[in-house]
Amino acid sequence: DAKTTQPPSMDCAEGRAANLPCNHSTISGNEYVYWYRQIHSQGPQYIIHGLKNNETNEMASLIITEDRKSSTLILPHATLRDTAVYYCIVRVVRGIIQGAQKLVFGQGTRLTINP
Amino acid sequence: EAQVTQNPRYLITVTGKKLTVTCSQNMNHEYMSWYRQDPGLGLRQIYYSMNVEVTDKGDVPEGYKVSRKEKRNFPLILESPSPNQTSLYFCASSLSYGARNTQYFGPGTRLTVL
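Residues numbered from 1 in each chain as written. Chains lettered and ligands numbered in written order. Predicted model: local features only at pLDDT ≥ 70, side-chain atom pairs only at ≥ 80, totals over all residues. Heavy atoms only, no water.

A. Seen up close, the pairing of strand 6 (residues 54-57) of chain B. Residue and element names in this part refer to chain B. The sheet contact formed by strand 5 (residues 42-51) and strand 6 spans four bridges and is antiparallel. Paired with Y47 across the bridge in strand 6 is K57. Following strand 5, the chain reverses through two residues before pairing antiparallel with strand 6; E53 in that reversal takes a positive phi of roughly 65°. (Pairing = 2+ DSSP bridges. Helix = DSSP H or I, 4+ residues; strand = E, 2+ residues; numbered from the N terminus.)

In structure tokens:
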């Protein structure tokens, strides 16, 4: 299984862009990079995902390096509500039917947005 | 509103007393899954289901059972709960089981087994 490495914690000032890095050097060609976040003990919330190209949605942008060994999640204008644990996940395929998948959550990055 | 619901949200029980945590989704999703979250261990998959009557073990299935008789429901059954099953449990669902499908999580069930 491809593993991810994230810094355990980061701080960012409110209104600034928060850039969260993730290393996934063993990623294989058909594995997607997903980002989720968990606010306190709520259910994890999907943010964004990508395969090769950079992606943007209403929540964030995802920048994937050309060699796909690392990525960066960008929250363009962080607010206090963005304080959460952010998980970078590489989707794993397993199970009795090809394509069955699970999310392997690491320890994530605890992002604190400061006023 | 599209959502995954879990019940109960909080439960305190005693060792050996059978319990069921329900999970329901209203998005007509094929894939459903149960995770548990423990401090320092992150979220770990317990069981998953790719469709009605199709289930498989995750990483930590011991002590748990599941069933998928209807597409919308995926209950988690603890036949004889033990204190090491004290945890925060999440149910998740996605449209299908491919890697491109986003998983949506329920609000969680905090279980304490005394």
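Alright, that's what it looks like, and here's the rest.
B. Expanded view of the sheet that holds strand 7 (residues 70-75) of chain A. Residue and element names in this part refer to chain A. Taken in spatial order, the four strands make up an open sheet running 2-7-6-5, and their pairing is antiparallel. With one partner strand each, in any of the chains shown, strand 2 (18-23) and strand 5 (55-56) form the two edges of the open sheet. One ladder, built from four bridges, connects strand 6 (residues 61-64) with strand 7; its direction is antiparallel. Counted as the bridge partner of I63 is T72 from strand 7.

C. Structural detail: the environment of C91 of chain B. All names here are of chain B. Mapped onto the secondary structure, C91 falls in strand 9 (residues 87-94). Under the relative-accessibility criterion, C91 is labelled buried at 0%. Sequence separation between C91 and K65 is 26 residues, and the spatial gap between their C-alpha atoms is 14 Å. (Buried < 20%, exposed > 50% of the residue type's maximum accessible area, 1.4 Å probe, protein only.)

D. Broad picture of the pattern of salt bridges. Per the stated rule, a full pass over the model turns up five salt bridges over all chains. The partner of D82 of chain A in a salt bridge is R37 of chain A, and the shortest N-O contact between them spans 2.8 Å. A residue pair is termed long-range when its members are at least 10 positions apart, and D82 of chain A in the loop between strand 7 and strand 8 (84-90) and R37 of chain A in strand 3 (residues 33-38) qualify at 45 residues. With respect to burial, D82 of chain A and R37 of chain A carry one shared label: buried. With a closest N to O distance of 3.0 Å, E79 of chain B and K65 of chain B form a salt bridge. Of the two residues, E79 of chain B is situated in the loop between strand 8 (76-78) and strand 9 and K65 of chain B in strand 7 (residues 65-66); the sequence distance between them amounts to 14 residues. The exposure class assigned to K65 of chain B is partly exposed, which follows from its relative accessible area of 42%. Sharing partners across several salt bridges, the network here consists of K18, K65 and E79 of chain B. (Salt bridge = Lys/Arg side-chain N within 4 Å of Asp/Glu carboxyl O.)

E. Seen up close, the state of the cysteines. Residue and element names in this part refer to chain A. A full pass over the atoms with the stated rule returns two disulfides over all chains. Between the sulfur of C22 and that of C88 lies a disulfide, 2.1 Å long from S to S. Judged by the torsion about the S-S bond (-80°), the C22/C88 disulfide is left-handed. With C22 in strand 2 and C88 in strand 8, the pair connects residues that are 66 residues apart, well separated along the chain. The exposure class of C22 is buried, given its relative accessible area of 1%. Assessed through its relative accessible area of 1%, C88 is described here as buried. (Disulfide = S-S within 2.5 Å.)

F. Seen up close, the packing of aromatic side chains. Throughout the structure, instances matching the rule amount to 11 aromatic pairs over all chains. Both rings, one in Y87 of chain A and one in F105 of chain A, keep their centres 5.1 Å apart while their planes meet at 85°; by these two values the pair is edge-to-face. Remark: F105 of chain A occurs in the loop between strand 10 (101-102) and strand 11 (109-114) and Y87 of chain A occurs in strand 8; sequence separation between them is 18 residues. This pair shows no difference in class: Y87 of chain A is buried, exactly as F105 of chain A is. For the ring pair Y64 of chain B and Y89 of chain B, a centre distance of 5.9 Å and an interplane angle of 65° mean the geometry is edge-to-face. Taken together, the residues span a long stretch of sequence, with Y64 of chain B in the loop between strand 6 and strand 7 and Y89 of chain B in strand 9 at a distance of 25 residues. (Phe/Tyr/Trp six-rings, centres within 6.5 Å; stacked < 30°, edge-to-face > 60°.)

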